[in-house]
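An overview of the molecular structure
Below are the chains, spelled out letter by letter.
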Amino acid sequence: MDYLKKAYCMNKTVRIFSCITTDMVSHYQKLFNMWPSSTIAFGKTLTISAIMGCTYKSGERLNIFVKGDGPIGKITVEATFGNVRGYMENPGVYLENNNGGINITKAVGAGEIEVIKDLNMREPFSSSSEIIEGDISNDFTYYFTKSEQIPSSVGLGVSLNTDSTVKASGGFLIQIMPGCKDEYITELEKNLKELKPITQMIDEGYSPEDIINEITKGDYELLDEIELHHNCNCSKERFKKGLKSLGKTTLEEILNEDKKVDIKCNFCNTNYHFDEDELKEIILEM
Ligand SMILES: [Zn+2]
């Protein structure tokens with residue numbers, strides 16, 4: 001079961017979120033038949049999105065896009081408190097580094113990260129930042145620091161088995177809160193320099209608490225534990241609304257020409273079929 005742990009350190013002026021997302025990344029890898037570069041880029045994006053969802057209140061929604069010009073194309077993730085769902089443009093990408101490792105920076109390419117926040121206000125907020133590296137971790141570190149003005153550090157890792165299936169996935173987000181003393185920041189920076197690479201920790205089976213322990217050298221105060229899920233909330237009713245938004249004329253054309261319509265949910269691959277009678281009924285309701 002995937003879950004997240006939240007903790008404070010440095011006299012409550014630094015907050016840390018750490019999570020394991022192995023189940024959800026495996027789920028999506030199988031669902032969309034993702035190749036190695038695609039799996040890692042998507043898995044990292046899904047993980048940071050799951051963390052970001054937990055930094056907001058229940059009922060608030062984030063839409064997170066990684067829009068690079070590399071072969072994997074756009075990654076789309078929707079995150080709420082404790083739940084994420086997502087998909088990517090091209091799941092079939094496998095690029096190798098010169099040393100034989102799996103490349104994701106070229107696979108992601110250059111472009112921007114965009115986050116649209118629906119915080120139940122009148123208008124959703126949108127913020128964005130440049131993709132500076134394409135490794136996702138440093139790109140989100142840059143996003144938080146530049147777009148949200150919160151000095152942060154992001155570490156994300158996806159480790160694959162020799163047959164390319166997901167072995168483990170997870171990561172952390174560290175955020176410096178207002179009032180944090182310089183000496184705390186110096187200490188934290190020192191810890192981060194000495195920190196094992198996150199992919200190695202994930203690969204070695206570290207739990208969220210193990211990761212927090214490693215970052216803080218044991219000096220932390222645990223807060224909440226939050227279960228993480230990857231449920232899709234699509235329904236036939238929702239797609240029916242979408243059909244209605246096409247307008248009566250278009251629906252009548254579909255009815256006359258095809259006598260049916262099939263719509264697939266991008267997030268979970270579920271197919272929704274509307275037959276002739278259902279289409280007629282929808283048009284009547286309009
Ligand atoms: Zn769905």
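Scroll up to find the structure.
Residues numbered from 1 in each chain as written. Predicted model: local features only at pLDDT ≥ 70, side-chain atom pairs only at ≥ 80, totals over all residues. Heavy atoms only, no water.

Considering the coordination of the zinc ion
For clarity, the cut-off: As a rule, N, O and S atoms within 2.8 Å of a metal are its donors, except that Na, K and Ca use 3.2 Å; water is not among the atoms, so sites may look incomplete. Tetrahedral means four donors with every angle between 85 and 135 degrees, whereas square planar (four donors) and octahedral (six donors) require angles over 155 degrees between opposite donors and between 65 and 115 for all others; sites fitting neither are termed irregular. Comment: elements are numbered from the N terminus, with helices defined as DSSP H or I runs of at least four residues and strands as E runs of at least two. Categorising residues by exposure relies on relative accessible area from a 1.4 Å probe, with only protein chains included: less than 20% of the type maximum marks a residue as buried, more than 50% marks it as exposed, and the intermediate range marks it as partly exposed.
Distances from the zinc ion to its protein donors, Cys232 (SG), Cys234 (SG), Cys265 (SG) and Cys268 (SG), fall at 2.2 to 2.3 Å. Considering all four donor atoms around the zinc ion, angles at the metal cover 104 to 114° and the coordination shape is tetrahedral. All donor residues of the zinc ion come from one chain, and their arrangement in sequence is C-x1-C-x30-C-x2-C. Of this pair, Cys234 sits in the loop between β12 (221–227) and α8 (236–244) while Cys265 sits in the loop between β13 (261–264) and β14 (271–274), and the two are 31 residues apart along the sequence. By relative accessible area, Cys234 is classed as buried at 16%. Taking the relative accessible area as the measure of exposure, Cys265 reaches 2% and is therefore buried.

What about the pattern of salt bridges?
Keep this limit in mind: Here, a salt bridge means any side-chain nitrogen of Lys or Arg that lies within 4 Å of a carboxyl oxygen of Asp or Glu.
Per the stated rule, a full pass over the model turns up 18 salt bridges. Across the salt bridge formed by Lys12 and Glu221, the nearest N and O atoms sit 3.9 Å from each other. One end of the pair, Lys12, is in the loop between β1 (3–9) and β2 (14–20); the other, Glu221, is in strand β12, with 209 residues separating them in the sequence. A relative accessible area of 49% means that Lys12 is categorised as partly exposed. We note a salt bridge from Lys244 to Glu285, for which the minimum N-O separation is 2.8 Å. Of this pair, Lys244 sits in helix α8 while Glu285 sits in helix α10 (residues 276–285), placing them 41 residues apart in sequence. Take Glu285: its relative accessible area is 40%, and that puts it in the partly exposed class. When salt bridges that share partners are traced, they join Lys5, Glu209 and Glu225 into one network.

Some points on the sheet that holds strand β3 (residues 61–68)
Strand-to-strand pairing in sheets goes through backbone hydrogen bonds, with the strands running parallel or antiparallel. For clarity, the cut-off: Any two strands with at least two DSSP-identified bridges between them are counted as paired. Simply put, an axis is a line fit to the C-alpha atoms, just over the touching stretch for a helix, and the angle between two N-to-C directions goes from 0 to 180 degrees. Between two residues, a contact is recorded if the distance between any of their heavy atoms is within 4.5 Å.
In space, the five strands of this open sheet follow the order β5-β4-β3-β8-β9, with antiparallel pairing throughout. Of all strands in the sheet, those with a lone pairing partner are β5 (83–88) and β9 (125–130), marking the two edges. For this sheet, the mean angle separating the axes of adjacent strands, direction not counted, is 15°. Taken together, the eight bridges between β3 and strand β8 (residues 111–118) define a ladder with antiparallel strand orientation. What sits directly across from Leu62, in β8, is Lys117. Across the sheet, helix α2 (residues 36–54) touches β3, β4 (74–80), β5 and β8, and the angle it forms with β4 is around 25°.

Side note on the packing of helix α1 (residues 22–32) against α2
Packed helix pairs are specified by the crossing angle of their axes together with the interaxial distance, meaning the distance between the axes. Which entries qualify depends on this criterion: Comment on the angle field: the value is read as roughly parallel under 35 degrees, roughly antiparallel over 145, roughly perpendicular from 65 to 115, and oblique elsewhere. Crossing handedness is defined as follows: a turn of the near helix away from the far one that is anticlockwise and smaller than a right angle gives a left-handed crossing, while the clockwise case is right-handed.
Put simply, α1 and α2 touch, their axes get as near as 10 Å, and they point 140° apart. Taken together, α1 and α2 sit at an angle that is classed as oblique. Between α1 and α2 the crossing geometry is right-handed. Packed against α1, whose contacting residues are Met24, Val25, Tyr28 and Gln29, the element α2 presents Thr39, Phe42, Gly43, Leu46 and Thr47 at the interface.

What to know about the sheet that holds β1
Strand order across the open sheet formed by five strands is β10-β11-β2-β1-β12, with antiparallel pairing between neighbours. Since the sheet does not close on itself, it has two edges, and those belong to β10 (152–160) and β12, each with one partner. Taking the axes of each pair of neighbouring strands and ignoring which way they run, one obtains an average angle of 15° across the sheet. With nine bridges joining them, β10 and strand β11 (residues 166–176) adopt antiparallel strand pairing. Bridge assignment links Gly155 to a residue of β11, and that residue is Phe172. Its contacts with the sheet put α2 on β1, β2, β10, β11 and β12, and the angle it makes with β10 is roughly 140°. Packed on one face of the sheet, helix α5 (residues 182–194) meets β2, β10 and β11 and runs near 160° to β11.

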